[in-house]
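# Coordinates in review
Take a look at the letters that make up each chain.
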Amino acid sequence: MRLCCAVLGLIAVLLVTGCGSIKSEKDVTAGWSAERLYQDARENMSAGNWKDARSRLEAVEARYPFGGYAQQALIDQAYVNWKDDEPEQALAAIDRFQQQYPNHAGTDYMLYLKGLITFTPPSAAFSKFTRQDPSERDPKGLRESYEAFNELITRYPDSRYATDARQRLTWLVGTIADNEVHVAQYYYDRKAYVAAINRAKTVITDFKGVPAAEKALYIMYLSYDKLNLPDLRDDTKRVLDQNFPNSKYYEQGLDEPRGTLWNPINWF
């Protein structure tokens, strides 16, 4: 019993001694002004030191929350997190910025950055290996990107980012429409003809002038035929023939030849 007490006492002494010898890590930025923190953050950003840049920017926001540097620090946090492959943190910074500074002069840039982040989610990087068409992925990110770019050009049509946003919107509209066609074909292949028609109609009504409209009309034509609705089938065929004379789908059917895919990740 005495031996146990002695051992426990020795352990306690060692622990106390050890704790006393451990010094807390010193914050090298203690006492720095907002300007100095921000300038150091910018230097780290230029060098690609995202971790240190993030640390300085967060310090600016935490220590000097009501100054102009805090606003710019939040903008830069979004960019740093995006470049450091932390899209969720980047989007969180953008949302926080929009809530706190809804009329800030940098709002157009934040909308543009939000569109870029969701334009090519991390999974897009693997499509060059899987050969997956971007339109076959979950369209959630594509729609979020569309909404951000669309808000940008609507609110800030003369923004320096508007031209590029319009180009990306054109691609997004076509790709989202292609996704609707993929879903329509999925339903058709599983004999869910009403669902296939409804999904194909979305392409016709919501996306004007997109190439995917040709295949959407063909799916509707086939589905009406399967449902034994000759009047609707023939009406759809007339629209298809009028807009796409000698449609390729009459010969090749629904299966598309898979060529070299363009991947939006190469846009950057």
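Cut-offs applied
Residues numbered from 1 in each chain as written. Predicted model: local features only at pLDDT ≥ 70, side-chain atom pairs only at ≥ 80, totals over all residues. Heavy atoms only, no water. Helix = DSSP H or I, 4+ residues; strand = E, 2+ residues; numbered from the N terminus. Expected span 1.5 Å × (residues − 1). Buried < 20%, exposed > 50% of the residue type's maximum accessible area, 1.4 Å probe, protein only. Axes fitted to C-alpha atoms, helices over the stretch in contact; angles between N-to-C directions. Parallel < 35°, antiparallel > 145°, perpendicular 65-115°, else oblique. Left-handed = near helix turned anticlockwise from the far one by under 90°. Contact = heavy atoms within 4.5 Å. Nonpolar A, V, L, I, M, F, W, Y, C, P; charged D, E, K, R; others polar. Salt bridge = Lys/Arg side-chain N within 4 Å of Asp/Glu carboxyl O. pLDDT = per-residue confidence, 0-100. Patch = residues over 30% accessible without salt bridge, like charges linked within 9 Å, V, L, I, M, F, W, Y side chains within 5 Å. Areas by Shrake-Rupley, 256 points an atom, 1.4 Å probe, with all protein chains shown as cover.

### Some thoughts on helix H11 (residues 212-226)
An ideal rise of 1.5 Å per residue puts 21 Å on 15 residues; H11 measures up with 21 Å between its terminal C-alpha atoms. Counted residue by residue, H11 has 13 buried out of 15 residues, so it is predominantly covered. At the exit of H11 stands Asn228, carrying a positive phi of roughly 60°.

### Observations regarding the packing of H11 against helix H12 (residues 230-243)
One way to put it is that H11 packs onto H12 with a least axis distance of 8 Å and a crossing angle of 160°. The pairing of H11 with H12 is recorded here as roughly antiparallel in orientation. Handedness of the crossing formed by H11 with H12: left-handed. The residues of H12 that touch H11, namely those facing Glu214, Leu217, Tyr218, Met220, Tyr221, Tyr224 and Asp225, are Leu232, Arg233, Thr236, Lys237, Val239 and Leu240. Residue classes in the contact of H11 with H12 are distributed as 8 nonpolar, 1 polar and 4 charged.

### Looking at unusual backbone geometry
Of note in this structure, Lys191 is not a glycine but carries a positive phi near 65°. Tracing the backbone shows Lys191 in the loop between helix H9 (162-189) and helix H10 (193-206). Here Lys191 falls in the exposed class, since its relative accessible area comes to 62%. In this model, Asn228 sits at a positive phi of 60°, which is unusual for a non-glycine residue. Its place among the elements puts Asn228 in the loop between H11 and H12.

### Observations regarding the pattern of salt bridges
Under the criterion given, the structure shown has 14 salt bridges. Where Arg54 meets Asp84, a salt bridge forms, and the shortest distance between an N and an O atom there is 2.7 Å. Note that Arg54 is positioned in helix H3 (residues 50-63) and Asp84 in the loop between helix H4 (68-83) and helix H5 (87-100), a separation of 30 residues in sequence. Judged by relative accessible area, Arg54 falls into the buried class, the value being 14%. Asp84 gets classed as partly exposed once you look at its relative accessible area, which sits at 28%.

### Quick notes on the confidence of the model for the protein
Summarising the model, the protein shows a mean pLDDT of 85, and 79% of its residues fall at 70 or more. Confidence drops under pLDDT 50 across residues 122-132; counting only partners more than four residues distant or on other chains, this segment forms 18 contacts.

### Quick word on a nonpolar patch on the surface
On the surface, a cluster of nonpolar side chains totalling about 300 Å² of accessible area is made up of Val194, Leu227, Leu229 and Leu232. Structurally, Leu232 can be placed in helix H12. With relative accessibility at 39%, the residue Leu232 sits in the partly exposed group.

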